[in-house]
Amino acid sequence: MPAPPPATGRLERLAGWSQRHHWLAIVVWVGVLVAITAASQVVGNDYHDEHALPGTESQRLSDTLEESAPARAGDSIQVVLHDNAGLDTGAHRERVASMLDELATLPHVAAVTGPFDAPGAVSPDGTIAYATVALDGSSTDVPADDVREIIDTAQAAAGDGLEVALGGDAVRAAEEPAGGAAEGAGMLAALVILVFMFGSFLAATLPLITAVFAVGSTLGVIALLSNVVTVATYTPPLMMLVGIGVGIDYALLVFARYRSELLNGADRQAAARTALDTAGRSVIFAGCTVIIALLGLFALGLGSLQGVALAVALTVLVTMVASLTLLLSLLTVFGARIEKRIVKHAERSTGEPGARWRRLADGVRRRPLPALVGAVAILLTLSAPALGMRLGFADAGNESEESTSRQAYDLLAEGFGPGFNGPLIVLAEGAGDGGAELAGALETTDGVAGIVPPQPIEGTDLTLVLAFPESAPQDEATSDLVNRLRDDVLPELAASTDATYLVGGSTAAAEDFADAVADRLPLFVAVVVGLSALLLMAVFRSVWVPVKAAVLNLLSIGASLGVVTLVFGEGMFGVPAGPVEAFVPVLIFAIVFGLSMDYEVFLVSRMHEEWRRTGDAVRAVREGLATTGGVITAAAAIMVVVFGAFLLSPDRMLQQFGLGLAVAVFLDAVVIRCLIVPAVMSLLGERAWWLPRWLDRVLPRFALERAAVAEVPATAGGRREH
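Every value quoted in this text rests on a predicted model; they were computed, and no experiment measured them.

Caption draft 1: Examining the packing of aromatic side chains more closely. The full count for this structure, using the stated rule, is eight aromatic pairs. Between Phe 513 and Phe 583 the ring centres are 5.0 Å apart and the planes differ by 80°, which places this aromatic pair in the edge-to-face class. With Phe 513 in helix α19 (residues 506-540) and Phe 583 in the loop between β10 (580-581) and α21 (584-614), this residue pair connects regions lying 70 residues apart in the sequence. A ring pair is formed by Phe 524 and Phe 589, whose centres lie 5.4 Å apart and whose planes are at 70°; its orientation type is edge-to-face. Here Phe 589 lies in helix α21 and Phe 524 lies in helix α19, a separation of 65 residues in the sequence. Judged by its relative accessible area of 4%, Phe 589 is buried. Every member of this aromatic cluster is reached through a ring pair, and the members are Tyr 130, Phe 416, Phe 420 and Phe 468. Over the ring of Phe 116 we find Arg 93, and its NZ or CZ is 4.1 Å from the ring centre.

If you want it as structure tokens, here you go:
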């Protein structure tokens, strides 16, 4: 008796709606993009960085100062002066005094201290000095335009041998360069790959158009949201980095299945419905995995990182929706022209489709152990440097040498020592001697180059002491000094004086943030990996597939972080050595884990589809790789060039993101999907699809294959039908 026709699924109905109402869908997407962009331009944005970590020592110090001495809690700008002939001349004094008087009248300037009024503000040789401009708020609260006015006013005093440079977090933020070059280069390279893949410029532009609409719409939404939630300043370029790569990737997976169905003889309408009901399911599953991983960052409770996670998760969600609606509508409009190009390109191609991938699968199947051991050895070798990764934050020493903040940083280091750019703030509460014993203890501590005498805060029992390390802010020796003061020096002093001591400042805050990331990362990884493994187990009805996926994803992430550590942490290829940005590992983990799951689902679902159809485990591996290997490789190549283009960005954090994501995607597509997965699946054979009966009854069911395939009764190969 013939089987009844399969019921129309939700994705097929969505495909049908997008085909019937294609112009409406396109107009809606255009309208949404225009409306959100216009609204965001009118309302504006309020991006700012928030690194507050309640409970940490540096945050307690900051909160105490803000409550007891708000005038001391604001950030400051250093106006650095330099003249090789010496600064102590009448002309220079007059020019500097006039400039400082003008600075004192500018918005958000609370106080100005001249270089000749403060002790120790002139270098021993008299060629470098600095003035301090105290702001009435933190660097994230002072508008960039007002900071730029301070910069322009100060630099107007330069001339006649006098150089003026400005430093401080507010100056660095105001100097942030505009993006665009990296994104443009990545999209251009992606277009070239797509044209070669499809043989049609029109077909190649559709995934790009889909990605641009999705990313553009989300950027406007996040700009509006930044006015009500904390969203970091580096969020928009990061959203573009992920959104363009993921958008092209998702659209390409759907489009590739559409192209395959056309070449197999299906009409355009049926090909689109099949593409959405097969590759579309993989896109939804992979996108949801990325979103789950990103939203897991909320559990870390790391300030503006929560806003970043929300923004990138929303980008992935909108990109996923665009790949399932806008792309289908565009295919309906341009389908006839695209079909002709696809058929002509296929006719010009020689050889059987997927023949090279079948040969690769057969080669790996014949000798799976050497392929497996060799590939795993490569990943472990690349992962090893990540064990020594040191987290922190970039400072002005990592900026371009043309920036005024970098020039100020170098001049201060030259005139006053490398530690001057990252002073430690030590706050004493209840010290009856006015901080004298604290000052003595700090001066005799190894690694401290000098101190500013104790500064009692009027009306309180608080005393402030600044300690300058002998090493630069990003040096490991400075981190060691912070830990030595907190763990050894100050506890002993507190025991003898009954006072309370806190160590803060930007360097100590970076250390606290890095420690918080390291402490909370294991729980985050366990939750994300566990949830993803359960989802894979429910989809593929297998124990070994999710275990394999979790282990391999962790290996690819470890290898990418190892490469980032080699390049940015240890200074390979001439890159200035320094700590890896504290945000980078958690964000790379969340994004790469989801992207890796994307390729895992796309490849294994085709293997599973073949396995359910034939019951032949060998054929399942061969045909799964043959039908998806080319698409996965092309998609990965696009992701690599899009992510790799961010190495062109002047921002060190974006460079690290770009390199980490590009390396992870490359290794995942080339080493893991082409070698390790076929090797493991060949070694497991039919056992790859084993699931205990009790677990089979408990787990919910999610189908990634079309219903017609999933419902075929089968006994071939002795497999158990799910």
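Next comes the rest of the description.
Caption draft 2: Here's a closer look at α19. Between its first and last C-alpha, α19 extends 49 Å over 35 residues, near the 51 Å set by a 1.5 Å rise per residue. Most pronounced at Leu 521, the bend in α19 amounts to some 40°, and the proline Pro 522 follows within four residues. After α19 finishes, the residue Arg 541 shows a positive phi value of roughly 50°.

Caption draft 3: Spotlight on the packing of helix α2 (residues 22-43) against helix α9 (residues 201-225). Closest axis-to-axis distance for the α2/α9 pair is 8 Å, and the angle between their directions is 30°. Taken together, the axes of α2 and α9 lie roughly parallel to each other. For α2 against α9, the interelement crossing comes out left-handed. Contacts between α2 and α9 involve Trp 29, Val 30, Val 32, Leu 33, Ile 36, Thr 37, Ala 39, Ser 40 and Val 43 from the former and Phe 213, Gly 216, Ser 217, Gly 220, Val 221, Ala 223 and Leu 224 from the latter. Broken down by class, the residue content of the contact of α2 with α9 amounts to 11 nonpolar, five polar and no charged.

Caption draft 4: Summary view of the sheet that holds strand β4 (residues 163-167). One open sheet accounts for four strands, arranged β2-β3-β1-β4; its pairing is antiparallel. What marks the edges here is a single partner per strand, and that holds for β2 (109-113) and β4. With direction set aside, neighbouring strand axes in the sheet form an average angle of 20°. When strand β1 (residues 76-82) meets β4, the two strands line up antiparallel, connected through five bridges. Of the residues in β4, the one forming a bridge with Gln 78 is Gly 167. Against the sheet, helix α5 (residues 90-103) makes contact with β1, β2 and β3 (128-135), and its axis sits at roughly 165° relative to β1, the strand it touches most. On the sheet, helix α6 (residues 144-155) packs against β1, β2, β3 and β4 and is oriented at approximately 160° with respect to β4.

Caption draft 5: Structural detail: unusual backbone geometry. Positioned with a positive phi, Asp 160 is a non-glycine residue whose angle comes to about 55°. Note on placement: Asp 160 falls in the loop between α6 and β4. Note on Asp 160: relative accessible area 68%, which makes it exposed. For Arg 541, which is not glycine, the phi torsion reads 50° and is therefore positive. Here Arg 541 lies in the loop between α19 and α20 (544-569).

Caption draft 6: Focus on the pairing of strand β7 (residues 448-456). For β7 and strand β8 (residues 462-469), the ladder comprises six bridges, and the chain directions are antiparallel. From the neighbouring strand, Val 452 faces β8, where its bridge partner is Leu 466.

Caption draft 7: Structural context of the pattern of salt bridges. Going through the model one piece at a time under the given rule, you end up with 14 salt bridges. Two residues, Arg 358 and Glu 623, come together in a salt bridge whose shortest N-O distance is 2.9 Å. With Arg 358 in helix α14 (residues 355-366) and Glu 623 in helix α22 (residues 617-644), the pair connects residues that are 265 residues apart, well separated along the chain. Pair check on accessibility: Arg 358 and Glu 623 agree, each one buried.

Caption draft 8: Just the nonpolar core, in detail. Formed by 164 residues in total, the largest nonpolar core has its most connected members in Ile 248, Phe 255, Leu 294, Phe 643, Phe 657, Ile 676 and Trp 689. If sequence neighbours within four positions are ignored, Phe 643 has contacts with Leu 241, Val 242, Gly 245, Leu 595, Gly 658, Leu 661, Ala 662 and Val 665. Among the nonpolar cores identified, the runner-up in size contains 26 residues, and Val 79, Val 109, Ala 157 and Leu 166 belong to it.

Caption draft 9: Structural detail: the sheet that holds strand β9 (residues 500-504). Overall, antiparallel pairing links the four strands, which are arranged β7-β8-β6-β9 in an open sheet. Sheet topology places β7 and β9 at the edges, where each strand pairs with a single neighbour. Averaged over all pairs of adjacent strands, the angle between strand axes in this sheet comes to 20°, irrespective of strand direction. Strand direction decides the pairing type here: strand β6 (residues 424-429) and β9, joined by five bridges, are antiparallel. Residue pairing across strands places Leu 427 opposite Leu 502, the latter belonging to β9. Where helix α17 (residues 436-443) meets the sheet, its contacts fall on β6, β7, β8 and β9, and the angle it forms with β7 comes to roughly 170°.

Caption draft 10: The arrangement of the packing of α9 against helix α12 (residues 305-324) in detail. Put simply, α9 and α12 touch, their axes get as near as 9 Å, and they point 145° apart. Crossing angle aside, the handedness with which α9 passes α12 is right-handed. Where α9 approaches α12, its residues Thr 210, Ala 214, Thr 218, Val 221 and Ile 222 are matched on the opposing element by Ala 311, Leu 314, Thr 315, Val 318, Thr 319, Ala 322 and Ser 323. Residues of the contact of α9 with α12, tallied by class, amount to seven nonpolar, five polar and no charged.

Caption draft 11: Main features of the environment of Gly 374. Within the secondary structure, Gly 374 sits in helix α15 (residues 368-383). For Gly 374, a relative accessible area of 32% translates into the label partly exposed. Placed 301 residues apart in sequence, Gly 374 and Leu 675 show a C-alpha to C-alpha distance of 9.3 Å.

Rules used throughout
- Residues numbered from 1 in each chain as written.
- Predicted model: local features only at pLDDT ≥ 70, side-chain atom pairs only at ≥ 80, totals over all residues.
- Heavy atoms only, no water.
- Phe/Tyr/Trp six-rings, centres within 6.5 Å; stacked < 30°, edge-to-face > 60°.
- Helix = DSSP H or I, 4+ residues; strand = E, 2+ residues; numbered from the N terminus.
- Buried < 20%, exposed > 50% of the residue type's maximum accessible area, 1.4 Å probe, protein only.
- Lys NZ or Arg CZ within 6 Å of the ring centre and 35° of its normal.
- Expected span 1.5 Å × (residues − 1).
- Bend = angle between axes of the 7 residues up to and from the residue.
- Axes fitted to C-alpha atoms, helices over the stretch in contact; angles between N-to-C directions.
- Parallel < 35°, antiparallel > 145°, perpendicular 65-115°, else oblique.
- Left-handed = near helix turned anticlockwise from the far one by under 90°.
- Contact = heavy atoms within 4.5 Å.
- Nonpolar A, V, L, I, M, F, W, Y, C, P; charged D, E, K, R; others polar.
- Pairing = 2+ DSSP bridges.
- Salt bridge = Lys/Arg side-chain N within 4 Å of Asp/Glu carboxyl O.
- Core = buried A, V, L, I, M, F, W, Y, C linked by side-chain atoms within 4.5 Å.

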